[in-house]
Amino acid sequence: MNTSLQALLGLRLPVIQAPMAGSQGSALALAVTNAGGLGSLPAATLSPAQLRDELEVMRRAAQGPWNVNFFCHRPPESDPQREAVWRAALAPLCAEAGLPAPEGPAIAARAPFDAVVADLVEPFRPPVVSFHFGLPAPELLARVKSWGSKVLSSATTVDEALWLQAHGADAIIAQGLEAGGHRGIFLGDDLTTQLGTFALLPQIVRAVELPVIAAGAIADAAGVAAARALGASAVQVGTAYLLCPEAGTSALHRAALQSAQAQHTALTNVFTGRPARGIVNRAMRALGAAGNSGGCISRQAPAFPLAATHLAPLRAWAEAQGRDDFTPLWAGQAASLARAMPAADLTLVLADGWRD
């Protein structure tokens with residue numbers, strides 16, 4: 001099983017670069033793919049024109065298999081009352097910054113994978129397509145598979161892994177609680193069900209017949225070796241790539257990753273409305289209450305992805321002053337292990353952990 005994923009995807013190295021929307025594009029994905037791993041292009045926040053341009057770059061320059069990633073969440077339903085409560089929670093922070101109180105409806109800036117996007121992607125026939133928050137509707141998944149694309153998706157519990165296996169995934173990403181960015185949880189919203197990588201991984205390996213990819217707090221060769229010992233067929237690494245020169249990580253985000261601040265991450269929904277792990281900052285402390293989830297969770301935040309709309313002015317205000325108070329600093333619990341080096345070099349360093 002340890003080599004089956006490499007054969008399935010045509011990989012030279014069992015290293016997958018996690019798609020990180022907002023922090024990277026084709027440059028990082030190409031560097032990893034051309035080093036022998038699987039580079040991933042995040043599409044969740046790209047406009048149709050941007051997505052087409054990035055896919056063209058990947059098709060033209062990739063020297064091996066590559067992945068394009070989509071969200072497949074349900075579009076949020078309108079809830080004016082909840083949005084009003086959220087605006088009221090933000091109002092004191094806006095007043096402190098000298099900004100007008102938030103007003104107007106929230107806008108869904110991230111759309112799920114749909115037929116329109118499938119029409120755009122089909123001519124490129126990406127070797128791998130991955131999804132977060134489950135899988136798209138059966139007819140859409142069938143279209144993706146008709147291109148010859150292999151399908152990956154994230155599971156945060158054994159039940160989710162079994163669901164993905166039953167509904168057409170070709171391999172499963174076991175996303176541990178330590179992982180940075182959005183949780184892939186999709187069969188419920190109880191964060192107490194979420195397990196650490198090295199508790200979740202062997203349970204999913206035992207439960208399913210598909211190759212399993214370990215994700216969450218894997219940032220060096222030792223972490224890769226540990227994942228392999230527990231039955232992983234490959235590893236998916238995100239945070240460790242954020243300091244690579246090919247990443248589009250902002251200066252504020254890079255500085256936080258290289259500071260003592262990176263030692264404290266938590267789950268929060270205040271930036272988008274959905275739980276995600278990032279470096280703790282003012283927004284998380286001010287708007288999210290600590291609880292059994294071990295995170296900074298707000299019961300007031302609108303449904304994903306609506307929470308971001310009215311937080312945007314505060315973020316822009318703080319960033320203009322060189323502050324990360326209201327910026328999502330996505331990172332996993334091993335953020336302090338990240339090192340600034342070319343992505344190709346990091347891919348080879350990680351792959352060293354797979355050797356006998």
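Residues numbered from 1 in each chain as written. Predicted model: local features only at pLDDT ≥ 70, side-chain atom pairs only at ≥ 80, totals over all residues. Heavy atoms only, no water.

A few words now on the sheet that holds strand β3 (residues 66–71). Backbone-to-backbone hydrogen bonds join strands into a sheet, with any given pair of strands oriented parallel or antiparallel. Overall, parallel pairing links the eight strands, which are arranged β1-β9-β8-β6-β5-β4-β3-β2 in an open sheet. Only two strands of the sheet have a single neighbouring strand rather than two, namely β1 (15–17) and β2 (39–42). Each neighbouring strand pair of the sheet contributes to a mean axis angle of 25 degrees, computed without reference to strand direction. Where strand β8 (residues 212–215) meets strand β9 (residues 234–237), three bridges bridge the pair, whose relative direction is parallel. Note on β9: the bridge partner recorded for Ile-213 is Ala-234. Together, β2 and β3 form the strand contacts of helix α3 (residues 48–61), whose direction differs from that of β3 by roughly 160 degrees. (Pairing = 2+ DSSP bridges. Helix = DSSP H or I, 4+ residues; strand = E, 2+ residues; numbered from the N terminus. Axes fitted to C-alpha atoms, helices over the stretch in contact; angles between N-to-C directions. Contact = heavy atoms within 4.5 Å.)

Bringing the packing of aromatic side chains into the picture now. Per the counting criterion, the structure on display carries eight aromatic pairs. Ring plane angle 50 degrees and centroid distance 4.8 Å describe the contact between Phe-70 and Phe-113, whose orientation is recorded as tilted. Of this pair, Phe-70 sits in strand β3 while Phe-113 sits in the loop between α4 (80–96) and α5 (115–121), and the two are 43 residues apart along the sequence. The burial state of Phe-70 is the same as that of Phe-113; both residues are buried. Ring geometry for Phe-71 and Phe-133: centres 4.8 Å apart, planes at 55 degrees, overall tilted. On the criterion of sequence distance, the pair formed by Phe-71 in strand β3 and Phe-133 in the loop between β4 (128–132) and α6 (138–146) is long-range, its members being 62 residues apart. (Phe/Tyr/Trp six-rings, centres within 6.5 Å; stacked < 30°, edge-to-face > 60°. Buried < 20%, exposed > 50% of the residue type's maximum accessible area, 1.4 Å probe, protein only.)

What follows deals with the domain arrangement of the protein. Looking at the protein, the domain boundaries give domain 1 (1–73 + 110–245 + 340–355) and domain 2 (79–108 + 250–338). Measuring from the centre of the C-alpha atoms in domain 1 to the corresponding centre in domain 2 gives 25 Å. Summed over both sides, the interface between domain 1 and domain 2 buries roughly 2100 Å², with carbon and sulfur atoms accounting for 65% of that surface. Where domain 1 touches domain 2, the interface holds zero salt bridges. Counting across the domain 1 and domain 2 interface gives 10 residue pairs in polar contact (both at pLDDT 80 or more). Counted by class, the side of domain 1 that touches domain 2 contains 15 nonpolar, seven polar and four charged residues. (Domains from an automatic or database assignment. Buried area = accessible area lost by both parts, 1.4 Å probe. Salt bridge = Lys/Arg side-chain N within 4 Å of Asp/Glu carboxyl O. Polar contact = N/O pair within 3.5 Å; in protein donor to acceptor, adjacent residues only side chain to side chain. Nonpolar A, V, L, I, M, F, W, Y, C, P; charged D, E, K, R; others polar.)

This part takes up the nonpolar core. Counting residues in each nonpolar core, the largest one holds 72 residues, and the members touching the most others are Leu-55, Val-68, Phe-70, Phe-131, Ile-204 and Tyr-241. Ranked by residues supplied to this core, first place goes to helix α2 (residues 26–34) with five residues. No fewer than three residues from each of domain 1 (1–73 + 110–245 + 340–355) and domain 2 (79–108 + 250–338) sit in this core. Apart from residues lying up to four places away in sequence, Tyr-241 is in contact with Val-15, Gln-17, Met-20, Leu-28, Val-32, Ala-247, Ala-343, Leu-346, Thr-347 and Leu-350. Counting residues in each nonpolar core, the second largest holds 21 residues, with Ala-266, Ala-276, Val-280 and Cys-296 among its members. (Core = buried A, V, L, I, M, F, W, Y, C linked by side-chain atoms within 4.5 Å.)

So, about the packing of α2 against helix α13 (residues 343–351). One can describe the packing of α2 onto α13 by two numbers: an axis separation of 8 Å at closest approach and a directional angle of 45 degrees. For the element pair α2 / α13, the angle class is oblique. Of the two elements, α2 crosses α13, and the hand of that crossing is right-handed. Here Leu-28, Ala-31 and Val-32 of α2 come into contact with α13, specifically with Ala-343, Ala-344 and Thr-347. (Parallel < 35°, antiparallel > 145°, perpendicular 65-115°, else oblique. Left-handed = near helix turned anticlockwise from the far one by under 90°.)

Quick look at the state of the cysteines now. Applying the stated criterion across every chain, the model contains zero disulfides. Free of any disulfide, Cys-94 has its nearest cysteine sulfur in Cys-296, 19 Å distant. (Disulfide = S-S within 2.5 Å.)

Put simply, Phe-304 and Pro-305 share a cis peptide bond, and its omega is 0 degrees. Take Pro-305: it is sitting in the loop between β13 (296–297) and α12 (308–320). Not every positive phi belongs to a glycine, and Arg-125 is a case in point at roughly 40 degrees. If you trace the backbone, Arg-125 turns up in the loop between α5 and β4.

With that settled, the discussion passes to helix α8 (residues 197–207). Structural remark: α-helix, 3.6 residues per turn; residues separated by three or four positions point the same way. Among the residues of α8, those classed as buried are Thr-197, Leu-200, Leu-201 and Ile-204. Along α8, the residues classed as buried sweep out an arc of 100 degrees about the axis, all on the same side. Where the residues of α8 are buried, they touch β5 (150–155), α7 (158–166), β6 (171–175), β8 and α9 (221–229). (Arc of directions from axis to C-beta.)

Attention now moves to the pairing of strand β11 (residues 276–279). Where strand β7 (residues 181–182) and β11 come together, two bridges link them in antiparallel fashion. If you follow His-182 over to β11, its bridge partner there is Ala-276. As judged from the four bridges shared by strand β10 (residues 265–268) and β11, these two strands associate in the antiparallel manner. Within the sheet, the bridge partner assigned to Thr-268 lies in β11 and is Ala-276.

At a minimum axis distance of 9 Å, the contact between α7 and α8 shows a crossing angle of 35 degrees. Seen along the crossing, α7 lies across α8 with a hand that is right-handed. Taking contact as the criterion, the partners of Val-158, Ala-161 and Leu-162 in α7 are, on α8, Leu-200, Gln-203, Ile-204 and Ala-207. Its residues placed into classes, the contact of α7 with α8 shows six nonpolar, one polar and no charged.

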